Amino acid sequence: MEGMLANSNLCISAWHKHRLIGIARSLTDFHYACYLSDLAVGLEYQAQGIGKKLQALTQKQLGPECKLILIAAPTAHSYYQHLGFTHNSRCWVLERDAAIAT
């Protein structure tokens with residue numbers, strides 16, 4: 001977790017008192033593309049608009065032409081569609097073991 005946060009260049013968080021309840025963690029050049037690597041909200045805080053606000057605050061930091069890109073878990077597809085994202089089937093993933101074998 002420490003390395004994930006240290007090597008991200010855009011992190012937006014949500015807090016309730018002194019408790020972290022949500023985070024949007026991204027890698028971006030701020031002009032062309034922003035990869036929203038993690039958007040997470042604690043279970044007891046979901047369905048309150050926190051994820052939507054984290055995504056909106058992330059987007060607000062980006063240039064006007066910068067695309068927000070993410071890979072969603074299958075159970076989250078309808079959530080991202082609800083936020084206005086469009087599905088794109090052009091994603092490719094190279095697992096670490098496969099990359100080493102070649």
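Residues numbered from 1 in each chain as written. Predicted model: local features only at pLDDT ≥ 70, side-chain atom pairs only at ≥ 80, totals over all residues. Heavy atoms only, no water.

Looking at chain direction, strand β2 (residues 19-28) and strand β3 (residues 33-41) are connected through 7 bridges and run antiparallel. Each residue of the ladder has a partner; that of alanine 24, found in β3, is leucine 39. Connecting the antiparallel pair β2 and β3 is a turn made up of 4 residues, with phenylalanine 30 showing a positive phi of about 70°. Handedness of the crossover joining β3 and strand β4 (residues 67-69) through helix α2 (residues 50-60) is recorded here as right-handed. (Pairing = 2+ DSSP bridges. Helix = DSSP H or I, 4+ residues; strand = E, 2+ residues; numbered from the N terminus. Right-handed = clockwise from strand over helix to strand, strands pointing away.)

Summed over the entire model, instances satisfying the criterion amount to 2 aromatic pairs. Pairing tyrosine 79 with tyrosine 80 gives two aromatic rings, centres 5.3 Å apart and planes at 75°, and the pair type is edge-to-face. Note on tyrosine 79: relative accessible area 31%, which makes it partly exposed. Owing to a relative accessible area of 12%, tyrosine 80 belongs among the buried residues under this scheme. When the ring of tyrosine 80 is compared with that of phenylalanine 85, the centres are 5.5 Å apart and the planes differ by 75°; the resulting orientation is edge-to-face. (Phe/Tyr/Trp six-rings, centres within 6.5 Å; stacked < 30°, edge-to-face > 60°. Buried < 20%, exposed > 50% of the residue type's maximum accessible area, 1.4 Å probe, protein only.)

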